[in-house]
Amino acid sequence: MKNKIKLLGLSLFVVSSLAGCNTNKDDGDVELVYWCFNDQVASFERRLEPFTEKTGIKVRVEGIRASTWAETTQEISTAAYSGTLPDCADMASESMATLVSSNLVSPIDEYVTRDAGEIADSVAEMDPKLYNAHIYNGKRYSLPTIWNAPIMFYNKNVLTKAGITSSNEHYPHSGWTVEDFIYCCNQITKNNTKTGANNVYGCKIENQYFYSIEPWLNSFGTSILNDTWTSSTINSDAAKNCFQTLHDFLNNDDYSKVVSPAMGGTTSYELFFSNRVGFMILSLPYVYTLYNGGFNDSKDAIEKLHQGYDVITFPSVDGISRTLMGVGATAIFKTSKHQEECWQLAKYISSKEFQDNELTETIWAIPSIKSSLDILSQKPYYPKNGKIFYEALENSKIVPAPANYSAIELEVRKWFSGYLSNTSGFALSGNKGNTLDTLAATINSYL
């Protein structure tokens, strides 16, 4: 028998028994409680001030003690059990299916139909993949706010020092391959020594679901799950090829090929900023972070920023561009007594008005409104090849995140870490231990 949803197993009871109960009161002005990550509280408070001025609806922004969407889902689970859910929250694809399957969030179809004329200009600026990202069982649960895609940032300083310039056939380009990527990394690291304090690395491979494991599988034409999220494909031949390639990439004893050994607490961004790594896998917000930090001595000369780096889509095994995406939204909880006001807030954050004004200076993520990204693309700090951030939608797929995403993510990351670090018992195949076949069986038990 397949496992039931573990994180939010009692939430159906919670919703029915606590309906209409939260921290808000009926007397006085309406104040919505809005959850987001701790480090984004101040930004949301600033962004939502115009909403309160316009509507009179107050918003109390509270931080979630979490650093991943899986942890966020757990925090919401705890709040559901204790009857302390907020009115609404910043939410992403990785958590939405869990909340929907647990009957914790409200569909918005009625509001979208009612306000179709008002939101028409905004919807017209949304790619259908974004607009329809959070439809489950025929019901719509969000308008998109932002989205993200894992993108390769490449350090021109590091590549040039390794003798790789734009005239080299392996230099990052549209349609580049995993073979091109590994060639660049090998050239970057060929002068490293085993104990060299100044070693330069190709790319730090992180043990992350969204920014590492799934996009690498995607680049090999496969995934953790099939297209309908009903069965695991993590033990496919393509997946085995992907993981074997990454394993060799990290564990080859020939130090001319070692690319990303354990770097302790040093982040990919820190390595990139100090010209000690050729590639990092992140998303649009780091375009602004590099600019704001003065990467490549660009504080007084913006052209140095462009001389130091650019962006490119993920390499693929066959040269076909594939992109992973996660879509942000405002989740409206069923326990809120202020459903209409929550919709007004969700509608505002997804609107052309909000995004053109609030998401085009300091960058939160990729705006769901095309005109907002167009405004960003005109900023002097925007990367030369920044058009890929919207073009990526053409060949994109949404991150596989079914109802039991949190449990699946944990299992996948545990295996990935064990296999890449050569932990005993972790293998691609075999009769014993933690193989991809056993991992696929475990994942299937959660579906």
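How each quantity is defined
- Residues numbered from 1 in each chain as written.
- Predicted model: local features only at pLDDT ≥ 70, side-chain atom pairs only at ≥ 80, totals over all residues.
- Heavy atoms only, no water.
- pLDDT = per-residue confidence, 0-100.
- Contact = heavy atoms within 4.5 Å.
- Helix = DSSP H or I, 4+ residues; strand = E, 2+ residues; numbered from the N terminus.
- Pairing = 2+ DSSP bridges.
- Axes fitted to C-alpha atoms, helices over the stretch in contact; angles between N-to-C directions.
- 1 Å grid on protein atoms, 1.4 Å probe; cavity = no way out; pocket = protein on both sides within 12 Å on 5 of 7 lines; lining within 4 Å.
- Points joined across faces, edges and corners; volume = space filled by probe spheres on them.
- Nonpolar A, V, L, I, M, F, W, Y, C, P; charged D, E, K, R; others polar.
- Phe/Tyr/Trp six-rings, centres within 6.5 Å; stacked < 30°, edge-to-face > 60°.
- Buried < 20%, exposed > 50% of the residue type's maximum accessible area, 1.4 Å probe, protein only.
- Lys NZ or Arg CZ within 6 Å of the ring centre and 35° of its normal.
- Core = buried A, V, L, I, M, F, W, Y, C linked by side-chain atoms within 4.5 Å.
- Polar contact = N/O pair within 3.5 Å; in protein donor to acceptor, adjacent residues only side chain to side chain.
- Parallel < 35°, antiparallel > 145°, perpendicular 65-115°, else oblique.
- Salt bridge = Lys/Arg side-chain N within 4 Å of Asp/Glu carboxyl O.
- Right-handed = clockwise from strand over helix to strand, strands pointing away.

**Q** Now, about the confidence of the model for the protein: what can you tell me, with residues and values included?
**A** Mean pLDDT over the protein stands at 90; residues scoring 70 or higher make up 91%. The model gives residues 1–27 a pLDDT under 50, and that stretch makes 60 contacts with residues more than four places away or in other chains.

**Q** Explain the side chain of T245 residue by residue, including any values.
**A** Following the sequence through the fold, T245 ends up in helix α11 (residues 237–251). In this structure, T245 is in contact with V178, I182 and F220, ignoring residues within four places of it in sequence.

**Q** Go over the sheet that holds strand β9 (residues 277–282), please, and point to the residues and values.
**A** Taken together, four strands build an open sheet; the order of strands is β8-β9-β7-β10 and the sheet is mixed. Because the sheet does not close on itself, it has two edges, and the strands there are β8 (201–203) and β10 (309–312). Neighbour-to-neighbour, the strand axes of the sheet open up by a mean angle of 25°, direction not taken into account. Summarising the sheet, strand β7 (residues 151–155) and β9 pair through four bridges and their orientation is antiparallel. Its bridge partner being in β9, F153 is matched across the sheet by M280. Packing against the sheet, helix α9 (residues 178–189) makes contact with β7, β8 and β9, and its axis sits at approximately 160° to β8.

**Q** With reference to specific residues and values, describe the layout of surface pockets.
**A** Here the largest pocket defines a volume of roughly 1,400 Å³. Among the elements that take part in the lining of the largest pocket, helix α13 (residues 285–293) stands out by supplying four residues, more than any other. Of the residues belonging to the lining of the largest pocket, the class tally is 22 nonpolar, 15 polar and eight charged.

**Q** So what about the packing of aromatic side chains? Which residues, and what values?
**A** Where two aromatic rings form a pair, the distance of their centres and the angle of their planes describe that pair. Scanning the model with the defined rule gives 30 aromatic pairs in all. Note on F153 and Y309: the rings are 5.9 Å apart at their centroids and 10° apart in plane angle, and the pair reads as stacked. Taken together, the residues F153 in strand β7 and Y309 in strand β10 connect sequence positions 156 residues apart. On the basis of relative accessibility, which here comes to 0%, the residue F153 falls in the buried class. Linked through ring pairs, F153, Y269, F272, F273, Y286, F295 and Y309 together constitute an aromatic cluster. We note K370 situated over the ring of Y390; from NZ or CZ to the ring centre the distance is 5.1 Å.

**Q** I'd love a proper account of the nonpolar core, names of residues and values included.
**A** In this structure, W216, I224, F243 and F279 are the most contacted members of the largest nonpolar core, which totals 55 residues. Taken together, the elements giving at least two residues each to this core come down to β7, α8 (156–161), α9, α10 (209–219), α11, β9, α19 (405–420) and α20 (436–446). Here this core takes eight residues from α19, the largest share from any one element.

**Q** Quick rundown of α13? Include the residues and the values.
**A** Buried within α13 are the following residues: P285, V287, Y288 and L290. Just past α13, the residue G294 takes up positive phi, approximately 75°.

**Q** Residue-level account of the side chain of S396, with values.
**A** Here S396 shows up in strand β13 (residues 396–398). At 2.8 Å, the side chain of S396 and the backbone oxygen of L393 are in polar contact. Excluding its chain neighbours within four sequence positions, the residues that come into contact with S396 are K129, T323 and M325.

**Q** Just give me the short version of empty space enclosed by the protein, but keep the residues and values in it.
**A** What the rule picks out here adds up to one cavity of 30 Å³ or more. Roughly 40 Å³ of internal volume is contained in the largest cavity. Forming the walls of the largest cavity are P150, I151, P215, N218, T313, F314, R322, T323 and L324. For the lining of the largest cavity, the secondary-structure elements that each account for two or more residues are α10 and β11 (323–332). Classifying every residue of the lining of the largest cavity by side-chain character gives five nonpolar, three polar and one charged.

**Q** If you had to explain the packing of α10 against α19 to someone new, which residues and values would you point to?
**A** The geometry of α10 relative to α19 is characterised by a closest axis approach of 11 Å and an angle of 75° between their N-to-C directions. Between α10 and α19, the interaxial angle falls into the category roughly perpendicular. Packed against α10, whose contacting residues are Y209, S212 and I213, the element α19 presents Y405, E409, V412, R413 and F416 at the interface. Residue classes in the contact of α10 with α19 are distributed as five nonpolar, one polar and two charged.

**Q** Break down the pattern of salt bridges for me, with residues and values.
**A** Scanning the entire structure with this criterion turns up 16 salt bridges. Where D356 meets K352, a salt bridge forms, and the shortest distance between an N and an O atom there is 3.2 Å. With D356 and K352 both in helix α16 (residues 352–358) and four residues apart, the pair spans about one turn of that helix. Given a relative accessible area of 18%, D356 falls into the buried group. Judged by relative accessible area, K352 falls into the partly exposed class, the value being 27%. A salt bridge links K379 to E361, with the nearest nitrogen and oxygen atoms 3.0 Å apart. Residue K379 is located in the loop between α17 (370–377) and α18 (388–391), and its partner E361 is located in the loop between α16 and β12 (366–367); the two are separated by 18 residues in the primary sequence.

**Q** Could you give me a rundown of the pairing of strand β2 (residues 58–64), with the residues and numbers involved?
**A** Across seven bridges, the pairing between strand β1 (residues 31–37) and β2 is parallel. Within β2, the residue paired with F37 across the bridge is I64. Of the crossover connections in this fold, the one passing from β1 over helix α2 (residues 41–55) to the parallel β2 is right-handed.

**Q** Tell me what's going on with unusual backbone geometry, and back it up with residues and numbers.
**A** Notably, W229 is not glycine yet its phi reads approximately 60°, a positive angle. Secondary-structure assignment places W229 in the loop between α10 and α11. Judged by its relative accessible area of 22%, W229 is partly exposed.

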